[in-house]
Amino acid sequence: MGLTAGIVGLPNVGKSTLFNAITKSKAFAANYPFATIDPNVGVVEVPDERIEKLVKMYNPKKTIYTTFEFTDVAGLVKGASKGEGLGNQFLSHIRNCDAICQVVRCFDDDNVIHVEGNINPLRDIETIRIELIFADLDTIEKRLPKISKRASLKTDKEATVEYDVLIKMQKALMDEMPIRSLKLTPEEIKVIKNFSFLTAKPMLYVCNVSDDELTDYESNEYVKLVKKLADVESAKVSVISAKIESELSELPDEEKAIFLDELGVKESGLLDLIHKSYELLGLKTFFTAGDKEVRAWTYTNGMKAPECAGIIHSDFEKGFIRAEIIGFDDLMAAGSEAKAKEQGKFRLEGKEYLVQDGDVVHFRFNL
């Protein structure tokens, strides 16, 4: 279950430059609005030092990292829901994404035009929010007439629950509140799941700063404004320089660390973006390891062993017997799987076990 994220934002905020950098796909980018008309999808491997250490230990024939899928779509402008710019035709491309990454321009540069004429990240965020709200309202208003009669009869419980929650969400949206701000019951969440409402998705604000401000972005007034807003919304903020990411993408792996060190930056913006996205969605990683394959698997925090087994294959979940587990740190400290077993670090866990980040797992099953 690789992570999928839709990259949105106004034209000329750095969306396509960032997308090009992190996927090396060379999606067309230019200094004018609507350079990216068709959605671009790129898949990147998620770097993980733990995988590299497991590979050294097991020397497998195959190594598989977990993945992060980005969908970059055309820049959205004020009035898109009414047909301005390219309209909101792109929204269908991000409905199935797990999260939305909104790139916000947080630097001044007279050589790079802004569709609104000046830099104002809060205004830009509000513009996107309103367009996503209008899109969700449109979905609700098309659905309500189709179920209102069944809901009014009170004989169809599912229709009644659906109607009531849609009315609740409609009211919130009319008050310019995103659906994710509502406290919905598990039953309500289940009912609306297939609608893939855009404002129900977690939001990560990606502040694009100039290359000379990256090491001291805490002093950037635009970034401060975005962080303050994110705190109110319980959203996450990642600060990147699309220009630096673009330069990094052109370097061999061995030179990237040197480049970052010279800049005084601990990790690339891509890694920070991925880490923040994982935090936002409550995602963790477990591993399967052996001489044939070392592989990372992404799961949602709180999943039990059978559910994680099902990520590998549905048959593993159906016929789950037990999970054989060694914690990553215990395995590294022991130096080998055999040593870890000798030291009593090897555990047998049942159906109620909550898988932990870094668990090295072997699932036993029988159909």
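Figured I'd write up the structure that's included with this text. Please read these numbers as outputs of a predicted model, since none were measured by experiment.

1. With respect to the pairing of strand S7 (residues 236–240)
Part 1 of the argument: Counted residue by residue, S7 has four buried out of five residues, so it is predominantly covered.
Part 2 of the argument: Where strand S6 (residues 203–208) lies against S7, five bridges are found, and the strand directions are parallel. Across the sheet, residue Tyr205 finds its bridge partner in S7, namely Val237.

2. A short note on empty space enclosed by the protein
Part 1 of the argument: One pass over the structure, following the stated rule, counts one cavity of 30 Å³ or more.
Part 2 of the argument: Of the pockets and cavities examined, the largest cavity occupies roughly 60 Å³.
Part 3 of the argument: Contributing to the lining of the largest cavity are Gln102, Ile125, Arg129, Leu132, Pro178, Arg180, Thr199, Met203 and Tyr205.
Part 4 of the argument: When residues of the lining of the largest cavity are traced back to their parent elements, those giving at least two are helix H3 (121–153) and S6.
Part 5 of the argument: Top element by residues in the lining of the largest cavity is H3. It accounts for three residues.
Part 6 of the argument: Across the lining of the largest cavity, the residue classes tally to five nonpolar, two polar and two charged.

3. Some thoughts on the packing of aromatic side chains
Two aromatic rings are characterised by how far apart their centres lie and by the angle between their planes.
Part 1 of the argument: This model, assessed by the stated rule, comprises eight aromatic pairs.
Part 2 of the argument: Ring geometry for Phe68 against Phe70: centres 4.2 Å apart, planes inclined by 5°, an arrangement best described as stacked. Of the two residues, Phe68 and Phe70, neither departs from the other in class, the shared state being buried.
Part 3 of the argument: Judged by centre distance (6.3 Å) and plane angle (45°), the ring pair of Phe287 and Phe328 falls under tilted. One end of the pair, Phe287, is in strand S8 (residues 283–289); the other, Phe328, is in helix H12 (residues 328–334), with 41 residues separating them in the sequence.

4. Focus on the side chain of Thr199
Part 1 of the argument: With respect to the helices and strands, Thr199 occurs in the loop between helix H5 (186–192) and S6.
Part 2 of the argument: Residue classification places Thr199 among the buried positions, given a relative accessible area of 2%.
Part 3 of the argument: At 3.1 Å, the side chain of Thr199 forms a polar contact with the backbone nitrogen of Ile179.
Part 4 of the argument: In this structure, Thr199 is in contact with Leu132, Ile133, Asp136, Leu173, Pro178, Ile179 and Arg180, ignoring residues within four places of it in sequence.

5. Looking at unusual backbone geometry
Part 1 of the argument: Phi is positive for Asn12, close to 65°, though the residue is something other than glycine.
Part 2 of the argument: Among the structural elements, Asn12 can be located in the loop between strand S1 (3–8) and helix H1 (15–23).
Part 3 of the argument: A relative accessible area of 16% places Asn12 in the buried class.
Part 4 of the argument: Phi angles above zero are rare outside glycine, and Asn59 is one such case at about 50°.
Part 5 of the argument: Within the element layout of this structure, Asn59 appears in the loop between helix H2 (49–58) and strand S3 (62–64).
Part 6 of the argument: By relative accessible area, which is 62% here, Asn59 ends up exposed.

Parameters at a glance
Residues numbered from 1 in each chain as written. Predicted model: local features only at pLDDT ≥ 70, side-chain atom pairs only at ≥ 80, totals over all residues. Heavy atoms only, no water. Buried < 20%, exposed > 50% of the residue type's maximum accessible area, 1.4 Å probe, protein only. Helix = DSSP H or I, 4+ residues; strand = E, 2+ residues; numbered from the N terminus. Pairing = 2+ DSSP bridges. 1 Å grid on protein atoms, 1.4 Å probe; cavity = no way out; pocket = protein on both sides within 12 Å on 5 of 7 lines; lining within 4 Å. Points joined across faces, edges and corners; volume = space filled by probe spheres on them. Nonpolar A, V, L, I, M, F, W, Y, C, P; charged D, E, K, R; others polar. Phe/Tyr/Trp six-rings, centres within 6.5 Å; stacked < 30°, edge-to-face > 60°. Polar contact = N/O pair within 3.5 Å; in protein donor to acceptor, adjacent residues only side chain to side chain. Contact = heavy atoms within 4.5 Å.

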